[in-house]
Amino acid sequence: MTRNKEITCIICPIGCKIQVKTDGKKIDVCDGHKCKRGIKYARSEALDPRRMLTSSILVNDGEWPLVSVKSSKTVPKNMIFTVLKEIKKSSINAPVNLGQILIKNVAGTKIDIIATKSIKKL
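My aim in this report is to walk through the structure given alongside it, one point at a time. (Residues numbered from 1 in each chain as written. Predicted model: local features only at pLDDT ≥ 70, side-chain atom pairs only at ≥ 80, totals over all residues. Heavy atoms only, no water.)

Let's talk about the pairing of strand β3 (residues 27-31)
Heads up, the condition is: Paired strands are those between which DSSP finds at least two bridges. In this description a helix means any DSSP run of H or I spanning at least four residues, a strand means any run of E spanning at least two, and both kinds are numbered starting from the N terminus.
Sheet analysis places strand β2 (residues 17-22) next to β3, joined by 4 bridges and oriented antiparallel. Bridging across to β3, Thr22 finds its partner in Ile27. Count of turn residues in the β2/β3 antiparallel hairpin: 4 residues, of which Gly24 carries a positive phi of about 95 degrees.

Focus on the sheet that holds strand β5 (residues 54-60)
Inclusion rule: Orientation is described by axes fitted as lines to C-alpha atoms, over the contacting stretch for helices, and by angles from 0 to 180 degrees between their N-to-C directions. In this description, contact between two residues means that some pair of their heavy atoms is separated by no more than 4.5 Å.
One open sheet accounts for 5 strands, arranged β8-β5-β6-β10-β9; its pairing is mixed. Sheet topology places β8 (91-93) and β9 (101-103) at the edges, where each strand pairs with a single neighbour. Looking at each pair of strands side by side, their axes are set apart by 45 degrees on average, direction ignored. Across 2 bridges, the pairing between β9 and strand β10 (residues 113-115) is antiparallel. Residue Ile103 lies in a different strand from β10, and its bridge partner there is Ile113. Its contacts with the sheet place helix α2 (residues 80-88) against β5, β9 and β10, and it is angled at close to 15 degrees to β5.

With respect to the pairing of β2
Heads up, the rule is: Per-residue accessibility, obtained with a 1.4 Å probe over protein chains only, is compared with the maximum for each type, and a residue is labelled buried under 20%, exposed over 50%, and partly exposed between these values.
Burial along β2 is one-sided: Ile18, Val20 and Thr22 are buried, while Lys17, Gln19 and Lys21, pointing the other way, are not. Pairing analysis gives 6 bridges linking strand β1 (residues 3-8) to β2, with the strands arranged antiparallel. Considered in β2, the bridge of Asn4 is made with Lys21.

Topic: empty space enclosed by the protein
What counts here: Cavities and pockets were defined on a 1 Å grid built over protein atoms only: a cavity is a set of grid points that admits a 1.4 Å probe from which the probe cannot escape, a pocket is an open set flanked by protein on both sides within 12 Å along at least five of seven lines, and lining residues are those with an atom within 4 Å of any such point. Grid points are joined across faces, edges and corners, and a volume is the space filled by probe spheres set on the points. Residue type decides the class: Asp, Glu, Lys and Arg count as charged, Ala, Val, Leu, Ile, Met, Phe, Trp, Tyr, Cys and Pro as nonpolar, and the leftover types, Gly among them, as polar.
Overall, the coordinates contain 1 cavity of 30 Å³ or more when judged by the stated rule. Considered as a void within the structure, the largest cavity measures approximately 30 Å³ in volume. Looking at the largest cavity, the residues that line it are Cys9, Cys12, Ile14, Gly15, Cys16, Lys34, Cys35 and Gly38. Along the lines of polarity and charge, the residues of the lining of the largest cavity split into 5 nonpolar, 2 polar and 1 charged.

None of this, on its own, says anything about what the molecule does.
See the structure below:
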């Protein structure tokens, strides 16, 4: 079954409204793109949408109660809530270092969760 879909490109400030047709396995970019980057983005968004994920993890005995974290790579959109659930049940003992991997292979995605700031121990 072929579906028509409009995707707003976020690669540059123009925000092209790209018209695509997809059957879930392949895509035909029809109209609306102003550059090749828009075509690439529309293909990715229609067939395998992914997002960078940011959140926070509880810190035990730290100068701050939470440390901000991000995913090492983009997370498949259908896995975001599963990954967030795993992050929510996690905690780390201080100290925490900027760039430290806090969760390896989160939810079996082969994506790591990384600290985006340092937290000193109390």
